[in-house]
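Here are the chains, one letter per residue:
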Amino acid sequence: MLLIRKHRLELVVAGACLALICYVSWQGLYGPRSFHYRDTLQWQQAQLEADLAAIGAQRVAQEELVQRLRPESIDADLVDEMARRDLNMAAANDFVVLVKR
């Protein structure tokens with residue numbers, strides 16, 4: 001009992017430090033900014049990067065299409081295909097298959 005009275009401040013400081021270490025450890029494992037949250041963010045980042053790559057590929061395809069429609073390099077087949085699709089017309093020797101959407 002004499003030892004506790006003599007070192008009371010040291011015991012309080014040690015207990016407070018232990019409580020602080022336990023609190024920080026619990027927050028690191030189970031808190032709102034825990035390792036699980038970090039893993040979730042990394043998974044979301046991977047998904048968004050995949051979406052970005054897909055959108056980038058679509059953009060490149062659209063840029064190629066626009067390049068083929070520029071006046072200095074018109075692709076006659078592409079213009080013919082787009083006109084037939086948009087105007088809903090076909091040539092006399094075309095075989096037309098109607099697909100219900």
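Residues numbered from 1 in each chain as written. Predicted model: local features only at pLDDT ≥ 70, side-chain atom pairs only at ≥ 80, totals over all residues. Heavy atoms only, no water.

**Student:** How would you sum up the packing of aromatic side chains? Please name residues and give values.
**Tutor:** Two numbers describe a pair of aromatic rings. These are the distance of the centres and the angle of the planes. Going through the model one piece at a time under the given rule, you end up with 1 aromatic pair. The interplanar angle of 45° and the centroid separation of 6.1 Å between the aromatic rings of W26 and Y30 together place this pair among those described as tilted. Of the two residues, W26 and Y30 are both situated in helix 2 (residues 8-30); the distance of 4 residues between them amounts to about one turn of the helix. (Phe/Tyr/Trp six-rings, centres within 6.5 Å; stacked < 30°, edge-to-face > 60°. Helix = DSSP H or I, 4+ residues; strand = E, 2+ residues; numbered from the N terminus.)

**Student:** So what about the layout of surface pockets? Which residues, and what values?
**Tutor:** A water-sized probe, rolled over the atoms, reveals where empty space remains. Within this model, the largest pocket holds a volume of roughly 410 Å³. Within the lining of the largest pocket, the residues separate by chemical class into 7 nonpolar, 1 polar and 4 charged. (1 Å grid on protein atoms, 1.4 Å probe; cavity = no way out; pocket = protein on both sides within 12 Å on 5 of 7 lines; lining within 4 Å. Points joined across faces, edges and corners; volume = space filled by probe spheres on them. Nonpolar A, V, L, I, M, F, W, Y, C, P; charged D, E, K, R; others polar.)

**Student:** Describe the pattern of salt bridges, listing the residues and the values that go with them.
**Tutor:** Taken as a whole, this structure holds 4 salt bridges when the rule is applied. The partner of R38 in a salt bridge is D39, and the shortest N-O contact between them spans 3.4 Å. With a shortest N-O distance of 3.2 Å, E63 and R59 are connected by a salt bridge. Of this pair, E63 and R59 both sit in helix 3 (residues 35-68), 4 residues apart, roughly one helical turn. Relative accessible area serves as the criterion here: at 56%, R59 is assigned to the exposed category. (Salt bridge = Lys/Arg side-chain N within 4 Å of Asp/Glu carboxyl O. Buried < 20%, exposed > 50% of the residue type's maximum accessible area, 1.4 Å probe, protein only.)

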